[in-house]
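So the chains spell out like this:
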Amino acid sequence: MQAVQGKAGVWPERFADLKKQIATGNEEAMKRSWNEVIEALAERTKEIAKAGPEYIPQVEFSELSSLSKDEVARIRRVGSVIIRNIVDDDVALGYKEALK
């Protein structure tokens with residue numbers, strides 16, 4: 001069995017064959033889909049640029065168990081969250097010093 005080298009590593013040749021089967025005859029639909037992705041990324045980029053650092057939600061550790069459905073949905077949509085005050089400041093400083 002031959003393998004195909006790509007950016008993600010080495011894949012069996014059957015994956016290249018499957019990709020060709022899926023793409024053949026669907027070129028225009030794939031181009032439309034790709035253009036939709038590019039447009040969505042452009043919109044999301046504007047949204048992130050406008051919000052700046054505030055784009056990434058921030059929550060207190062003590063509030064994690066009581067987040068609203070809207071807050072959880074936002075965290076999932078953004079794909080990231082900053083959780084503050086997980087450990088006391090003096091403990092965090094101790095960790096920092098230990099790393100030096």
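Quick look at the structure, then. (Residues numbered from 1 in each chain as written. Predicted model: local features only at pLDDT ≥ 70, side-chain atom pairs only at ≥ 80, totals over all residues. Heavy atoms only, no water.)

### Quick look at a nonpolar patch on the surface
There is a patch of nonpolar side chains on the surface, built from Phe61, Leu64, Ile83, Ile86, Val87, Val91 and Tyr95 and spanning about 580 Å² of accessible area. With respect to the helices and strands, Phe61 occurs in the loop between strand 3 (58-60) and helix 3 (69-78). For Phe61, a relative accessible area of 43% translates into the label partly exposed. (Patch = residues over 30% accessible without salt bridge, like charges linked within 9 Å, V, L, I, M, F, W, Y side chains within 5 Å. Areas by Shrake-Rupley, 256 points an atom, 1.4 Å probe, with all protein chains shown as cover. Salt bridge = Lys/Arg side-chain N within 4 Å of Asp/Glu carboxyl O. Helix = DSSP H or I, 4+ residues; strand = E, 2+ residues; numbered from the N terminus. Buried < 20%, exposed > 50% of the residue type's maximum accessible area, 1.4 Å probe, protein only.)

### A closer look at the packing of aromatic side chains
The geometry of an aromatic ring pair is captured by two quantities: the separation of the ring centres and the angle between the planes. One pass over the structure, following the stated rule, counts one aromatic pair. Here Trp11 and Phe15 contribute two aromatic rings whose centre-to-centre distance is 5.1 Å and whose plane-to-plane angle is 75 degrees, an arrangement assigned as edge-to-face. The partly exposed category is assigned to Trp11, whose relative accessible area is 42%. According to the relative accessible area criterion, Phe15 is partly exposed, its value standing at 33%. (Phe/Tyr/Trp six-rings, centres within 6.5 Å; stacked < 30°, edge-to-face > 60°.)

### Comments concerning the pattern of salt bridges
Tallied over the full model, the rule gives five salt bridges. Two residues, Glu43 and Lys46, come together in a salt bridge whose shortest N-O distance is 3.6 Å. Of this pair, Glu43 and Lys46 both sit in helix 2 (residues 27-51), three residues apart, roughly one helical turn. Of the charged contacts, one joins Lys100 and Glu97 as a salt bridge, the two residues approaching to 3.3 Å between their closest N and O atoms. Assessed through its relative accessible area of 70%, Lys100 is described here as exposed. Here the salt bridges do not stand alone but share partners, grouping Arg44, Glu47 and Arg77 into one network.

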